[in-house]
Amino acid sequence: MGAVCSGRLGASSSRVRLDELEEAHDALEEANGALQAELKKLKAEAGMLRGRLADFEQGHKGVAAVKRRIPEAGDHVISHHYGHNYYAATVVRWDSTERQFEVAWDDGDKTGTLQRYDLVCLDVAPSEDEVAISTTVMFPQGTYHFATADGVTHSNLQRFHEGRVTSIERDAETGEKVYVGVHMRTEEDNKFQRYGGYAPTFRCTLGQMRVTANLLDLITAEDHGDGAAEGKDQCDIYLSFAKKDLESAKTFGEARAADPTQLAEAFRKEGWRVYYDPTGGDNAEANIAALANAKVFVACVSDAYAASSATRQELQYAMKTLKKEVVPLVVGEASESFDFMSTLIGLLIAGELYIDFRARTRHEEKLKEAKHCLRTLIEMEHGAELTVGTGERDNARDVFVSYCWHNSALAVEAMQVPQLYGNALIDPRRVAKAIKAAGLSTWLDIEELGSGSGLFEDIAAGLKEAKVVVICASSAYSRSDNCRMEMQYATKLLKKPAVLLVVDADEAWKQTVVGLLGGSLPTVDLASALTNGGEAGCDKAMAEIVKLVRTAAGEKSAKEGTSATVHPAEQPAAQPSGPQVGDAVISHHIAHTFYNATVVSFDKGSREFEVAWQDGDTTHTTQQFDRVFLDVEPDADEVGVGTRVLFPQGRYTYNGVSCARYNEGVITALEHDGEETFYAGKHAFGESDGKFFFRDQSPTFRCSLGQLRVAANLMAALMTADSDVRLPTGAANLAA
């Protein structure tokens, strides 16, 4: 009996112990899953911190001008191995003589450790202006296994491949940019394609891709300087062109639109010192010194220019690293397409006004235009004073026409933009002609820009001096940062009389800031006039526009007699709206972080603020104007669907000070709760962009207007900020 009883007790005890073990196993599995998730998050944080460290180290090595990150000893990279294979590795050293890296492979392989500079990519996400159609990238696809000589097997390691971006799309659910492309090599190139996970195409976010370093940045970093050579004379113009364009010009002569070397001679006749590399960009060391000492960078762009890695790197180095003034000249064949505008070259010069030399019959006219533009920029470098907002210019116009080139059929016809959103009958440039025909002078960008101190300075002065502003509203207009800036500056800061024209049937703009600001303005719906009345309806609407503009400008037609003119000086005085010295702001720091600070100074030349951090940090105190947000509640008409804002989410502690953590977001909806409006949105950047999410952060937000902050308006900053005023030493901490 006792033995039987003992056996039963033993069996029962075993079952209990088994149940306990199973529960313990489940708990361990759950804990392991949580640890794996935490490990993934920590790896992401480590990647972000590596990026921050790279930024910090480059900011303290004397390489003051270099902003782009380059692989250095200890950095994690994606590197070529042999054939068409790319794997993860760490940089051991950089050989400046051979221009190659020595790497150590993550999988323990000891072969193929020396690789050319252009086959090694820093393992960080590129910026948006580094990837466009036709850009060569490294992308992940498939996995592999590797056994080391000592018998250690590594499984499920990531394969990388060289690819070319063929199109850029928007994800239907997230709205995030997605880059679609193809392999650079195929089986015909002896590329192995039978690995698991192979596909002939790829579809990646920006954060999944990698790009190679710029050789000019690598060489500059070797010298631990800004690339300027001592004893080298400063030149006025650095002329950059593709070797193929020069060869074609010499071969075909008059059949070509422009010979880059002939342009150089024309500029020299003006007394300017011009440097160019006759090899078309192959003389890297000499070019770096000349670039650093040049006042203006002239890019002779074409399809050949976009296809040349040497000229692409020159343009990137001039714009992103040295922050040079750039003047693009289009020099391709007269029959050549504008395909380069969809490439990285087009992305880089998108904000610049280019001069088209392709039509030989207009060569002299365009040369005169180029000389005028260059003279303005070169004289600025000599120390000419900015004249923004002085009211002393002699080219004041009655009407400033603010529009988006994508709504202009004439802009598409001139190949200034690739696609039209609208109709030729309601082209804003046609509207400007109708207003001019009625006896009113007009300010139109293609006619006026280049006559002052710079793009934004000219626009700001044109708006200030105009009697009335015509705003050509559309969804394309609302998506343009520059267009929104013009409208906000004119209507909110300058309080200009304005007339709003609807030039596209798409009504998405009505939910944006453009719709909020334009709600109370006299409006003519050209798109509806075209739909309902055809060409006759458009003509009638044009007449209504002229009448409204005359009324807003304080003028009458000849039949009505002349009324008193409202001069710009009689307009209400503009009140500063941008951050001023001593103002509290929320400013970008590094990566995707924003913190509380105080403005110390504003530099009109570089368009940068210097700030003092509230938490006492002394790094990264210089920030671009559009990364600094005045710490005041915005007006309701400054925030709409699509507006980029800063919103608080989470806290951090630094130097014993607990502060709010701010994030960059995009408004996706306005939600009305009784009399109060809430602004719903999402983070502007995700983990794929290298953004790290802390435990107290979520992917979306819902804030009141008082919790949001909006960026400074550059035109307001240029007009109101005084670059000679600086917060006294120590005052920043008191203000904070």
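Owing to the predicted nature of the structure, the values given are computational and were not obtained by experimental measurement.

Asks: In this structure, what is going on with the overall build of the protein? I would like to understand it.
Replies: Regarding its fold elements, the protein presents 19 helices and 28 strands. Residue pairs in contact within the protein that sit at least 24 positions apart in sequence constitute 66% of those at least 6 positions apart. Accessible surface for the protein amounts to roughly 34,900 Å². Of this, 50% is attributable to carbon and sulfur atoms.

Asks: How do you make sense of the pairing of strand E8 (residues 177-183) when you look at a structure like this?
Replies: The side chains of a regular strand alternate, first on one face of the sheet and then on the other. Extensive coverage of E8 is indicated by the burial of five of its seven residues. When strand E7 (residues 153-170) meets E8, the two strands line up antiparallel, connected through seven bridges. Bridge pairing in E8 links Ser167 to Val180. Pairing analysis gives four bridges linking E8 to strand E9 (residues 201-204), with the strands arranged antiparallel. The partner of Val182 across the bridge, within E9, is Thr201.

Asks: What exactly am I supposed to notice about the nonpolar core here?
Replies: Generally speaking, soluble globular proteins have nonpolar side chains that are buried together. In this structure, Leu501, Ile545 and Val549 are the most contacted members of the largest nonpolar core, which totals 55 residues. No other element matches helix H17 (residues 526-553), which puts 10 residues into this core. For Ile545, the contacting residues outside a window of four places in its chain are Val431, Ile435, Leu501, Val524 and Leu526. By size, the runner-up hydrophobic cluster in this structure holds 40 residues, among which are Leu122, Ala290, Ala304 and Leu315.

Asks: Help me understand the side chain of Thr148 in this model?
Replies: Within the secondary structure, Thr148 sits in the loop between strand E6 (136-147) and E7. Look past the residues within four positions of Thr148 in its chain and what remains in contact with it is Asp107, Gly108 and His154.

Asks: How should I be thinking about the packing of aromatic side chains in this particular structure?
Replies: Working definition: an aromatic ring pair is given by the centre-to-centre distance plus the angle between the planes. A complete count under the given rule lists 15 aromatic pairs for this structure. Ring centres 4.1 Å apart and planes at 20 degrees place the aromatic pair Phe139 and Phe202 in the stacked group. With Phe139 in strand E6 and Phe202 in strand E9, the pair connects residues that are 63 residues apart, well separated along the chain. Overall, the relative accessible area of 4% leaves Phe202 in the buried class. With a centroid separation of 6.2 Å and 50 degrees between ring planes, the pair formed by Phe267 and Trp272 is classed as tilted. Comparing Phe267 with Trp272, the two get one shared label, buried. An aromatic cluster of at least three residues, connected via ring pairs, comprises Tyr87, Trp105 and Tyr144. One Lys or Arg, Arg429, reaches over the ring of Trp405 and ends 5.3 Å from the middle of that ring. Cation over ring: Arg479 sits above Tyr421, and NZ or CZ is 6.0 Å from the ring centre.

Reading guide: rules and limits
Residues numbered from 1 in each chain as written. Predicted model: local features only at pLDDT ≥ 70, side-chain atom pairs only at ≥ 80, totals over all residues. Heavy atoms only, no water. Helix = DSSP H or I, 4+ residues; strand = E, 2+ residues; numbered from the N terminus. Contact = heavy atoms within 4.5 Å. Areas by Shrake-Rupley, 256 points an atom, 1.4 Å probe, with all protein chains shown as cover. Buried < 20%, exposed > 50% of the residue type's maximum accessible area, 1.4 Å probe, protein only. Pairing = 2+ DSSP bridges. Core = buried A, V, L, I, M, F, W, Y, C linked by side-chain atoms within 4.5 Å. Phe/Tyr/Trp six-rings, centres within 6.5 Å; stacked < 30°, edge-to-face > 60°. Lys NZ or Arg CZ within 6 Å of the ring centre and 35° of its normal.

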